[in-house]
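So you can see what is in the structure, the chains are spelled out below.
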Amino acid sequence: MQFIDLKAQQQERLPDGRSLREAVDARIAALLDHGQYILGPEVAELEQRLAVYVGVEHCIAVASGTDALLIALMALRVGAGDEVITTPFSFIATAETIALLGALPVYTDIDPRTYNLDPCKIEAAITPRTKAIIPVSLYGQPADFPAINAIAERHGLAVIEDGAQSFGAQQHGRRSCNLSTIGTTSFFPSKPLGGYGDGGACFTNDAELAGLMRRISRHGQSRRYFHTEVGVNGRIDTLQAAILLAKLELFDGEVASRQQIGERYSQCFQAAGVATTPYLAPGNTSVYAQYTIEVESRAAVQEDLKASGIPTAVHYPTLLCQQPALHACGSRCSGACAIPFAQRASERVMSLPMHPYLSPQDQDQVVAAVTAALC
Ligand SMILES: Cc1ncc(COP(=O)(O)O)c(C=O)c1O
């Protein structure tokens, strides 16, 4: 069994009857014919389609989810001496981009049920240097944006949703990446909308920020060889844009399938009475980028599953505040390192095989193996 089966998708049929593989081949052939490998027409087409999908005015397609965060922070003028409040329980990119700009990541604790930033902990961490908040919509479920946006508004702060894992999820009927000042996502192959390489995007309804992010992602160039910003080479490849356009045709069906598989996992575990299953906050949907449970003695359970041929993963075993690279740049945990829920989660969470084409038989095998390991 595979943790994520990226190949199964290639045989899926698009609404026009072609397989995804045929649609991707046709897109790549068209690109080879027109030859605009950098900022070809597929990039603008993808940006337009993604903006409509998310429900925002502006989408800037970029080279990765990491670049999307970096470019968003640069557009907000985050730099040396600034502080950015974020979660300690995420992938390195969330805090790495803050540190790269010379700013200080300030970590506040998570809600132990959703694993997302707990809004109640944020206000105490705000100082005159705070510039922005980066909530991560972890495992596919949006963070509590109504509460976080209200705090940000009271203190004049920007909010960047790190939606790398939540593209396609909704909160009170609004899509992830349209829930705050800027939303960012990743098209890393294993993400809910994954390409066949690196990619990402920034989303906003603010025209000025959109213009800035677009320029920053293109070396700060405002006309040919004339640069008004210090920027980066952060454009998405036309090739990835072309592939994502084909994959977008399957995306609604894949989101529905992810939700159905996630709910079925939870029903099975609840019926078996084992493990802590994902909690969905009211008003939220999840795209289950990961299906993550909590168990005691995780290492032993992982070993048992491995012996049955079932791969697992831990997202994430080391908190960002404990990462040596980030330590070296400095950081602060609000309330004298008071992040007990993040610490506890990092010791207990375990992700199971999850992708839109996971069969009920494979799911039943996973549930039976976890149940046997825990009983
Ligand atoms: C929460 C989170 N943020 C940011 C990223 C970075 O995305 P990318 O790998 O596309 O740079 C990831 C990717 O794993 C992620 O999970």
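Residues numbered from 1 in each chain as written. Predicted model: local features only at pLDDT ≥ 70, side-chain atom pairs only at ≥ 80, totals over all residues. Heavy atoms only, no water.

### Here we look at empty space enclosed by the protein
In step 1: Applying the stated criterion to the full structure yields 2 cavities of 30 Å³ or more.
In step 2: Approximately 120 Å³ is the volume attributed to the largest cavity.
In step 3: L6, Q9, K191, R258 and P356 are, among the 16 residues lining the largest cavity, the residues nearest its centre.
In step 4: Looking at the lining of the largest cavity, its residues break down into 7 nonpolar, 4 polar and 5 charged.
In step 5: If you trace the second largest cavity, you find it lined by R113, T114, Y115, L138, Y139, Q141, P278, Y279, L280, S286, Y288 and Q290.
In step 6: Grouping the amino acids of the lining of the second largest cavity by side-chain chemistry returns 7 nonpolar, 4 polar and 1 charged. (1 Å grid on protein atoms, 1.4 Å probe; cavity = no way out; pocket = protein on both sides within 12 Å on 5 of 7 lines; lining within 4 Å. Points joined across faces, edges and corners; volume = space filled by probe spheres on them. Nonpolar A, V, L, I, M, F, W, Y, C, P; charged D, E, K, R; others polar.)

### Quick word on the packing of helix α1 (residues 20-34) against helix α2 (residues 41-54)
In step 1: Across the interface, α1 lies against α2 with an axial gap of 11 Å and an inter-helix angle of 135°. On the basis of their axis angle, the class for α1 and α2 is oblique. Contacts between α1 and α2 involve R27, L31 and H34 from the first element and P41, E42 and E45 from the second. (Axes fitted to C-alpha atoms, helices over the stretch in contact; angles between N-to-C directions. Helix = DSSP H or I, 4+ residues; strand = E, 2+ residues; numbered from the N terminus. Parallel < 35°, antiparallel > 145°, perpendicular 65-115°, else oblique. Contact = heavy atoms within 4.5 Å.)

### Describing the site of the ligand
In step 1: The environment of the ligand is made up of 16 residues, and the closest members are G65, T66, D162, S186 and K191.
In step 2: Contacts to the ligand include K191, whose side-chain N or O atom sits 2.6 Å from an oxygen atom.
In step 3: Those elements giving two or more residues to the shell around the ligand turn out to be α3 (65-75) and α4 (93-100). (Near = heavy atom within 4 Å. Polar contact = N/O pair within 3.5 Å; in protein donor to acceptor, adjacent residues only side chain to side chain.)

### With respect to unusual backbone geometry
In step 1: The omega torsion of the bond from H315 to Y316 falls at 15°, within 30 degrees of zero and hence cis.
In step 2: Mapping Y316 onto the fold places it in the loop between α8 (298-307) and α9 (324-329).
In step 3: If you check the backbone angles, H219 has positive phi at about 60° while not being a glycine.
In step 4: For H219, the position within the fold is in the loop between α6 (207-216) and β10 (221-223).
In step 5: On the basis of relative accessible area, H219 is assigned to the partly exposed category, the value being 38%.
In step 6: With phi around 35°, S297 is a residue other than glycine that occupies positive phi space.
In step 7: Structurally, S297 can be placed in the loop between β12 (291-294) and α8.
In step 8: For S297, a relative accessible area of 53% translates into the label exposed. (Buried < 20%, exposed > 50% of the residue type's maximum accessible area, 1.4 Å probe, protein only.)

### Focus: the environment of A93
In step 1: Mapped onto the secondary structure, A93 falls in helix α4.
In step 2: Taking relative accessible area as the criterion, A93 reaches 5% and is therefore assigned buried.
In step 3: A93 sits 27 residues away from T66 along the chain, and the two C-alpha atoms are 5.6 Å apart.
In step 4: When sequence neighbours within four positions are dropped, the list of residues in contact with A93 reads T66 and L69.

### Digging into the side chain of H315
In step 1: The topology assignment puts H315 in the loop between α8 and α9.
In step 2: In this structure H315 comes out as buried when scored by relative accessible area, which is 14%.
In step 3: Apart from residues lying up to four places away in sequence, H315 is in contact with F3, F89, Y139, Q290, V349 and S351.

### A look at the nonpolar core
For soluble globular proteins, the rule of thumb is that nonpolar side chains tend to be buried together.
In step 1: Judged by nonpolar contacts, the single largest core of 29 residues is most densely connected at L73, I160 and M213.
In step 2: Elements supplying a minimum of two residues to this core: β1 (58-62), α3, α4, β4 (130-134), β5 (158-162) and α6.
In step 3: Ranked by residue count, the leading element in this core is α3, at 8 residues.
In step 4: What M213 contacts, discounting residues up to four positions off in sequence, is I60, I71, A72, A75, I182, C202 and T204. (Core = buried A, V, L, I, M, F, W, Y, C linked by side-chain atoms within 4.5 Å.)

### Things to note about the pairing of strand β2 (residues 83-86)
In step 1: Of the two faces of β2, the one lined by E83 and I85 and the one lined by V84 and T86 are each fully buried.
In step 2: Sheet topology note: the β2/strand β3 (residues 104-107) ladder contains 4 bridges and is parallel. Along β3, the bridge assignment pairs V84 with P105.
In step 3: For the segment spanning β2, α4 and β3, crossover handedness is right-handed.
In step 4: In terms of strand pairing, β2 meets β4 through 4 bridges, oriented parallel. Paired with I85 across the two strands is I133, which belongs to β4. (Pairing = 2+ DSSP bridges. Right-handed = clockwise from strand over helix to strand, strands pointing away.)

### Side note on the packing of α2 against helix α7 (residues 238-272)
In step 1: It is the contact of α2 with α7, at a shortest axis distance of 8 Å, that shows an interaxial angle of 25°. Judged by the angle between their axes, α2 and α7 are roughly parallel. Seen from above, α2 lies across α7 with left-handed handedness. Contact residues: α2 offers E42, V43, E45, L46, R49, L50 and Y53, while α7 offers T238, A241, A242, L244, L245, L248, E249, F251, D252 and V255.
In step 2: Residues belonging to the contact of α2 with α7 are distributed by class as follows: 11 nonpolar, 1 polar and 5 charged. (Left-handed = near helix turned anticlockwise from the far one by under 90°.)

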